[in-house]
Amino acid sequence: MNSYTVHPAKCVKGEITVPGDKSISHRSIMLGSIANGVTTVTGFLRGEDNMSTLNAFKAMGVQIEDDGVTLRIHGKGLHGLTEADDVIDCGNSGTSIRLLCGLLAGQSFFSVLTGDKYLRKRPMKRVVTPLAAMGAKIAGRAGGEKAPLGITGGALSGISYESPVASAQVKSAILLAGLYARGETVVREPHLSRDHSERMLRHFGADIEASGTEVRVRGGRELQAREIVVPGDISSAAFFLVAGLIVPGAELLIKGVGVNPTRTGIIDILMLMGGDITLLNNREIGGEPVADLLVRSSNLHGIEISGDLVPRAIDEFPVISVAAAMASGKTVVSDARELRVKETDRIKAMADNLRLAGVIVDEADDGMTVYGTDKFKVFHADSCGDHRIAMSMLIAGLVADGSCTVDDVECIATSFPNFFSLLEQVSRG
Ligand code: S3P
């Protein structure tokens, strides 16, 4: 288990780019593999989660070349994947296992999906139930709730599904199965979750229509290989946005960040808290909006966060709680029960860690109330094996009373392999 000691920052300054978007990187491999022709991907995130997806498709017979800059995925067409001769290990990646469930349900072969000790605890019925309604045969521990999952692929029929959760993983699993299903598949969700699957499926020529919180896909149409340019991950930029706001005198430019409106809840939330963030050089790359983000040190104040804003910032609540702890007044997060079933229970993990830093936090079933303070006490935090908890507490360490240690930080490699070098670079100024 590796620990990292972070020192209070004298300043946070400079210009950085963050690695490619994790969600888009997963989808580029999946769609590239089942398209006809060679898909090229630049900006691919070579984090552990995405490598799990890449290795899964290699194991199913897809040739993927990587020259260090560009991936070349030799697509096998909708029905060209072949049975993996071993269990497919999705590591820590919820997106890999849940989206693969949908895609593999429509194949003419058998697959077994598993993951690390954290992934094997996470709920899978949310995808197994709708896929079973389409005709999929999926078995797993705890009646299909937990991995390992065994999937006997076969004929599927389209369904109309009202998802009880706003989850892009659930929506995407059903849409991927829908590519193989007879007829039309419709998914509705309570709030719009990230729409990268819809955008990329359209880009690859799928028969898909999205309107508000409803998506329809018709099965049977072959996909065509495309060029994909992956923008910087706003979920990785989020750590440096918060650093740029809470460290006195900070000014940071984060270039080439994806600003898809289903992901920019973090910018809206931090601006509502009084954060000085400017979007520059707005452009569109490969069907995804991109901008440079200029952030300057600000006096933040507490706000209430609920409803539609929650899925638009779902991965950012650990670092939002750090910003909230450095704001005046209190911040109340509700409607965020999903945080309890992420890589770890993120409400409990952040409440426990922030309390170690001297912050008053009240936990609720579906969120938390964070009371602002001036400075964090020196703390020794535990990541709970969750990359975003680890990075959030390291950002908190930049404004602590002295040097702070975070245990179990190797998990950061799942999503942000160069986090430490960027942290050191910006704190050098
Ligand atoms: C993701 C969807 C979200 C998010 C995860 C990535 C995706 O999960 O938390 O990090 O790429 O589809 P849920 O679908 O569980 O909300």
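This one's a predicted model, so the numbers in the text were calculated from it and none came from an experiment. (Residues numbered from 1 in each chain as written. Predicted model: local features only at pLDDT ≥ 70, side-chain atom pairs only at ≥ 80, totals over all residues. Heavy atoms only, no water.)

Enquirer: I tried to follow the domain arrangement of the chain on my own but got confused; where do I start?
Expert: When the parts of a complex come together, some accessible area is lost, and that lost area is often taken as the interface size. Annotation of the chain at the domain level lists domain 1 (3-20 + 231-427) and domain 2 (22-229). If you average the C-alpha positions of domain 1 and of domain 2, the two centres end up 28 Å apart. Interface area, domain 1 with domain 2, both sides summed: about 2,400 Å², of which 49% is carbon and sulfur. Three residues stand out in domain 1 for area buried against domain 2, namely Thr-262, Glu-343 and Thr-414, and they jointly supply 22% of the buried area on that side. At the boundary of domain 1 and domain 2, one finds three salt bridges. Across the salt bridge formed by Arg-122 and Glu-343, the nearest N and O atoms sit 3.9 Å from each other. Counting the contacts that link domain 1 with domain 2 gives 15 residue pairs in polar contact (both at pLDDT 80 or more). Elements supplying a minimum of two residues to the side of domain 1 that touches domain 2: strand S20 (288-296) and helix H12 (387-397). Class assignment for the residues of the side of domain 1 that touches domain 2 results in eleven nonpolar, nine polar and ten charged. (Domains from an automatic or database assignment. Buried area = accessible area lost by both parts, 1.4 Å probe. Salt bridge = Lys/Arg side-chain N within 4 Å of Asp/Glu carboxyl O. Polar contact = N/O pair within 3.5 Å; in protein donor to acceptor, adjacent residues only side chain to side chain. Helix = DSSP H or I, 4+ residues; strand = E, 2+ residues; numbered from the N terminus. Nonpolar A, V, L, I, M, F, W, Y, C, P; charged D, E, K, R; others polar.)

Enquirer: Explain helix H7 (residues 196-203) here, please?
Expert: Taken together, the buried positions of H7 are His-196, Ser-197, Glu-198, Met-200 and Leu-201. Looking one or two residues past H7, Gly-205 carries a phi angle of roughly 90°, positive in sign. (Buried < 20%, exposed > 50% of the residue type's maximum accessible area, 1.4 Å probe, protein only.)

Enquirer: When you look at the site of the ligand in this model, what are you seeing that I'm missing?
Expert: The full set of residues close to the ligand is Ser-23, Arg-27, Thr-95, Arg-98, Ser-167, Ala-168, Gln-169, Arg-194, Ile-314, Asp-315 and Lys-342. Arg-27 places a polar side-chain atom, nitrogen or oxygen, 2.6 Å from an oxygen atom of the ligand. A distance of 3.1 Å separates an oxygen atom of the ligand from a polar backbone atom of Ala-168. Computed on the free molecule, the ligand has an accessible area of 380 Å², of which 96% lies beneath the protein chains in the complex. At the level of elements, helix H1 (22-34), helix H3 (94-105) and helix H6 (168-178) are the ones that each hand at least two residues to the shell around the ligand. Of the residues contributing to the shell around the ligand, the split by class is two nonpolar, four polar and five charged. Per-domain counts for the shell around the ligand show at least three residues from each of domain 1 (3-20 + 231-427) and domain 2 (22-229). (Near = heavy atom within 4 Å. Areas by Shrake-Rupley, 256 points an atom, 1.4 Å probe, with all protein chains shown as cover.)

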